[in-house]
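An overview of the molecular structure
Given next are the chains, with one letter for each unit.
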Amino acid sequence: MRIALTGTPGCGKTTLAALLADRGHQVIHLADWARKHDAVAGHDAEDDADAIDVDTLAQVPLPPDCVVDGHLSHLLGVDVVWLIRCDPALLRPRLEARGYGPGKVQENWEAECMDLVLQEALDGGAPVVQRDGSRRSPEELLSSFEATSSGGSLKQDLEPVDWSHRLME
Ligand code: ADP
């Protein structure tokens, strides 16, 4: 099964990916995958991050069993999307601690408040499993995702979250 592990930056993807790797899953980090397959469209100096050419990368077949860690991974050809959500009130200090500038913090904070990644993931067509990572340890979060694919069935399963009120605070 090809799993996209996605969510707004800071939501906990890489932490979960490390747990999955420990348990023997093949984890692909999207930025490395893009470099390997010549799908880097440039470098964003402000973000100090490569701009990924998703259209090119979407043409590259993924291994049949893998987890793709990255906030654009839901745009690749995957079988299921695991979407981690994070209360924006927790996300903001995580992003600040990472050294993001105020503009980038605000942009990601608003994206989380407005379900931006969820909307993109739903547009992609693969079943989406949404879980609130701000209420769970990484281990609990992994179990809650894994429980949805037991027996190989893949169904959309959106745990409700609503942080739109944070925009008014
Ligand atoms: P991402 O890869 O989505 O940008 P990270 O995995 O790097 O996010 O996590 C961002 C920060 O949040 C890290 O400091 C990490 O330790 C912390 N974190 C991640 N998942 C959890 C969790 N379930 N509970 C508490 N803190 C977490």
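Now for a quick tour of the structure. (Residues numbered from 1 in each chain as written. Predicted model: local features only at pLDDT ≥ 70, side-chain atom pairs only at ≥ 80, totals over all residues. Heavy atoms only, no water.)

Structural notes on the sheet that holds strand β1 (residues 2–6)
Our working rule: One requirement defines pairing of two strands: DSSP has to find at least two bridges between them. Helix and strand assignments come from DSSP, with helices taken as H or I runs of at least 4 residues and strands as E runs of at least 2, each series counted from the N terminus. Note on contacts: a residue pair qualifies if any of its non-hydrogen atoms lie within 4.5 Å across the two residues. What counts as an axis is a line fitted to C-alpha atoms, over the stretch in contact for a helix, and the angles between N-to-C directions run from 0 to 180 degrees.
Here six strands make up an open sheet; going across it, the order is β2-β5-β1-β6-β7-β8 and the pairing parallel. Edge strands, defined here as strands with exactly one partner in the open sheet, are β2 (27–29) and β8 (157–158). Pairing of β1 with strand β5 (residues 66–69) involves four bridges; the strand directions are parallel. Residue pairing across strands places Leu5 opposite Asp69, the latter belonging to β5. Lying over the sheet, helix α1 (residues 13–22) contacts β1, β2, β5 and β6 (80–85), oriented at roughly 145° with respect to β1.

Some remarks on the nonpolar core
Where a protein is soluble and globular, its nonpolar side chains tend to be buried together. Threshold: The definition of a nonpolar core used throughout is a set of buried Ala, Val, Leu, Ile, Met, Phe, Trp, Tyr and Cys residues joined through side-chain atoms within 4.5 Å. Categorising residues by exposure relies on relative accessible area from a 1.4 Å probe, with only protein chains included: less than 20% of the type maximum marks a residue as buried, more than 50% marks it as exposed, and the intermediate range marks it as partly exposed.
The biggest cluster of nonpolar side chains holds 21 residues, and the ones touching the most others in it are Leu57, Leu62, Val68, Leu76, Val78 and Val81. Broken down by secondary-structure element, the contributors of at least two residues to this core are α2 (30–36), α3 (54–58), β5, β6 and α6 (116–124). Residue contacts for Val78: discarding those within four places in its chain leaves Arg2, Ile3, Ala4, Leu62, Ser73 and Ala126. Among the nonpolar cores identified, the runner-up in size contains 20 residues, and Leu19, Val67, Trp82 and Leu91 belong to it.

Comments concerning the layout of surface pockets
The criterion, for reference: Lining residues are defined by having an atom within 4 Å of a point belonging to a cavity or pocket. Those points lie on a 1 Å grid over the protein atoms alone, cavities being sets where a 1.4 Å probe fits but cannot get out and pockets being open sets with protein on both sides within 12 Å along at least five of seven lines. Grid points are joined across faces, edges and corners, and a volume is the space filled by probe spheres set on the points. Gly is put with the polar residues, along with every residue not named as nonpolar or charged; the nonpolar set is Ala, Val, Leu, Ile, Met, Phe, Trp, Tyr, Cys and Pro, and the charged set is Asp, Glu, Lys and Arg.
As a volume, the largest pocket reaches approximately 1000 Å³. Lining the largest pocket are 35 residues, and of these Pro9, Ala49, His71, Tyr100 and Lys104 sit closest to its centre. Broken down by secondary-structure element, the contributors of at least two residues to the lining of the largest pocket are α1, α2, β4 (49–52), α5 (102–113) and α6. Ranked by the residues each element gives to the lining of the largest pocket, the list is headed by α5, at five residues. Residue classes in the lining of the largest pocket are distributed as twelve nonpolar, eleven polar and twelve charged.

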